[in-house]
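Observations on the three-dimensional arrangement
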Amino acid sequence: MSVYRLYVDKGTFIHRLHPIVKIVWLFTIVVLAWTFNRWEYAFVIFLWALLYAILSRVPLKKIFGTAFLFVIWTAILSIILWPAFLRGGNVVFEWNVFRFTDIGLSVGIAYGFRIGACMVAALGWLMTTSQRELIEGLADVRVPYQFSFGIMLALRYAPLLLGEIGRVREAQKSRAFNWNRGSVKRRIQAFAENTRVLVVPVFNRMLSSVNQIALCLDSKGCDFSKPPKRRKLRFNRFDKGFLAVTFCVTAFFLALRIMGYGWITMLA
Amino acid sequence: MVSWEELFPWLPWLYESMETVRDPMFYLHTVACFILLALAVVLIAGREIQIFPKPKVVRFHYKWTARMVALYALGTAIGTVIYGFGGMFWIMPGIMSVAFFTWYMLWVLPVLFGWPGIWAAATMEILAAVIFGWVNVPLLYLAFAYDFFLGWWAWKTVGRDPSFRTVKSWLLFLGSYSVYAFFQSFGWGAQYVWWGIIPLPVMFMTRSAFNIIWYYFFIWIYPPLTAVLYTLATRYRLFWKQIEPQPYTRVV
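Residues numbered from 1 in each chain as written. Chains lettered and ligands numbered in written order. Predicted model: local features only at pLDDT ≥ 70, side-chain atom pairs only at ≥ 80, totals over all residues.

This part takes up the overall build of chain B. Broken down by element type, chain B carries ten helices and five strands. Its C-alpha atoms give chain B a radius of gyration of 19 Å, within 12% of the compact-globule value 18 Å for 252 residues. Overall, the C-alpha framework of chain B stretches about 70 × 40 × 35 Å when taken along its three principal axes. Expressed as a percentage of its 252 residues, the buried residues of chain B come to 48%. Of the contacts made within chain B by residues no fewer than 6 positions apart, 69% connect residues no fewer than 24 positions apart. (Helix = DSSP H or I, 4+ residues; strand = E, 2+ residues; numbered from the N terminus. Rg over C-alpha atoms; globule rule 2.2 N^0.38 Å. Buried ≥ 20, exposed ≤ 12 C-beta atoms within 10 Å, placed from the backbone. Contact = placed C-beta atoms within 7 Å.)

Here it is in structure tokens:
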């Protein structure tokens, strides 16, 4: 059984923040990331998201190891494809059928930073919030207990599921099934076959585990109709200070946006 | 120097044809989104609209048992993993993708598991977007307008008989899925335009038409895969009708 968790306990003041403060911070990053489409502003928001990860001393290698290829792939696709749709503005350079304008390029690069900021923020949040705090945080924002517990369980399930997929793939490979070889037609056929030989065994194993988990929960006396008693977390001065800084920075960037900075009208 | 028009001579005609229906589609789906969102709120509040035999709003309740919570967690986890690691080919990151396995999960989880699946469909969309960095403000309510409410729609229609062994089952699927795919493929784009994520000219129709083509193209995956998963779900007594205590009771 693969055991994998995102939480990295470094004991910094970021780790000790109230779970609600962390949720609010994540939400403000999401709002700010989608507020600007000029690349310079999107880059600053990306750095703001990265600052949280640096302050919390979570290994950046782990953040970028998880997300780096994804972000790079996103950035490359965005830079190539947004200019294909946004053809308004001044032409920066032309190559064959591709015409890159200043608007298209800025929006494309900004997209890479936007998604990078959201991803760094989300991973930073998950790496600094333990599962107990996650449930407490969600409960504090009035998410019903069955959902907060279910989300926590899902975050534990996901790595197990990846492990199961890997194991089934290995099993199929050992039977000489490989969908990455042969002609295009053969690969398409193998891909369709992959659906059957991968999805069915994975579902089979996961559905059997649902009954086991339900049995475990029942045997521990879990009652989802009434939430269990939990410790009450209080806001301390660090929480209030962090929240104040978060609100000030968010208000500053929103004010910039309202004044017309950081946004290009997208011309198709 | 070759231009797009020389390379694909039918492209201008296609764009013009799509742009002529752009505004009606845009406003139709803007309104539809809020209607679906209102209906989702009604469902969350424990009421649903009954059409037959007499149109009225009825109350319902269901109890969250350990099996339902485990199913909800499983559905969310499967959806999140598939969203990020399988069946997702990005054409334009965050905007356009061929995500047939994700689309399939959003549809099949409610059909097989009922309420845990419906909630899982909405949750997986938000959770996966948070983890993989695609999260944006409209997504937070679109997940309920489309994944949650249309999940309920799929459950109410195809969920009655997802065996695909009867004519009724096939007719329910074809009728229900056409409506489902139409709203799922156009609805998100309209809200993205309002929030400035994509521009209305060209991109709204391109994105929506692109989505609907793939939604209908991959329709052939649904019946065989659903029939297999239905067999598995019934084997483990996890089909929504078999979860005890009966999770869905109307209050008389």
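From this point, the narrative continues.
Right, let's talk about the overall build of chain A for a bit. The helix and strand tally for chain A stands at eight helices and two strands. The order of helices and strands in chain A, counted from the N terminus, is α-α-α-β-β-α-α-α-α-α. Taken over C-alpha atoms, the radius of gyration comes to 23 Å for chain A, far larger than the 18 Å a tight globule of 268 residues would show. When the backbone C-alpha atoms are referred to their principal axes, chain A occupies close to 65 × 65 × 30 Å.

All names here are of chain B. One can find I213 in helix α9 (residues 200-217). Judged by local crowding, I213 falls into the exposed class, with 12 C-beta atoms found within 10 Å. Once the C-alpha coordinates of I213 and D161 are considered, the two residues, 52 residues apart in sequence, prove to be 26 Å apart.

As a further point, take the packing of helix α5 (residues 131-140) of chain A against helix α6 (residues 145-174) of chain A. In a packed pair of helices, the relevant descriptors are the angle between the two axes and the axis-to-axis distance. Residue and element names in this part refer to chain A. For the pair α5 and α6, the least separation of the axes is 9 Å and the interaxial angle reads 150 degrees. As the angle between them shows, α5 and α6 are arranged roughly antiparallel. Pair α5 / α6 crosses with right-handed handedness. Of the residues in α6, those touching α5 at Q131, L134, I135, L138 and A139 are Y145, S148, F149, I151, M152 and L155. Here the residues of the contact of α5 with α6 are counted per class, giving nine nonpolar, two polar and no charged. (Axes fitted to C-alpha atoms, helices over the stretch in contact; angles between N-to-C directions. Parallel < 35°, antiparallel > 145°, perpendicular 65-115°, else oblique. Left-handed = near helix turned anticlockwise from the far one by under 90°. Nonpolar A, V, L, I, M, F, W, Y, C, P; charged D, E, K, R; others polar.)

Here we come to the environment of M127(A). Residue and element names in this part refer to chain A. Topologically, M127 is positioned in helix α4 (residues 102-128). For M127 and F235, which are 108 residues apart along the polypeptide, the C-alpha to C-alpha distance reads 21 Å. Ignoring sequence-local partners within four residues, the contact set of M127 consists of L6, Y7, V8 and V58.

Attention now moves to the domain arrangement of chain A. All names here are of chain A. Under the domain assignment used here, chain A contains domain 1 (7-142 + 234-268) and domain 2 (144-222). Distance from the C-alpha centre of domain 1 to the C-alpha centre of domain 2: 31 Å. Domain 1 puts five residues into the contact, and the matching count from domain 2 is six residues. (Domains from an automatic or database assignment.)

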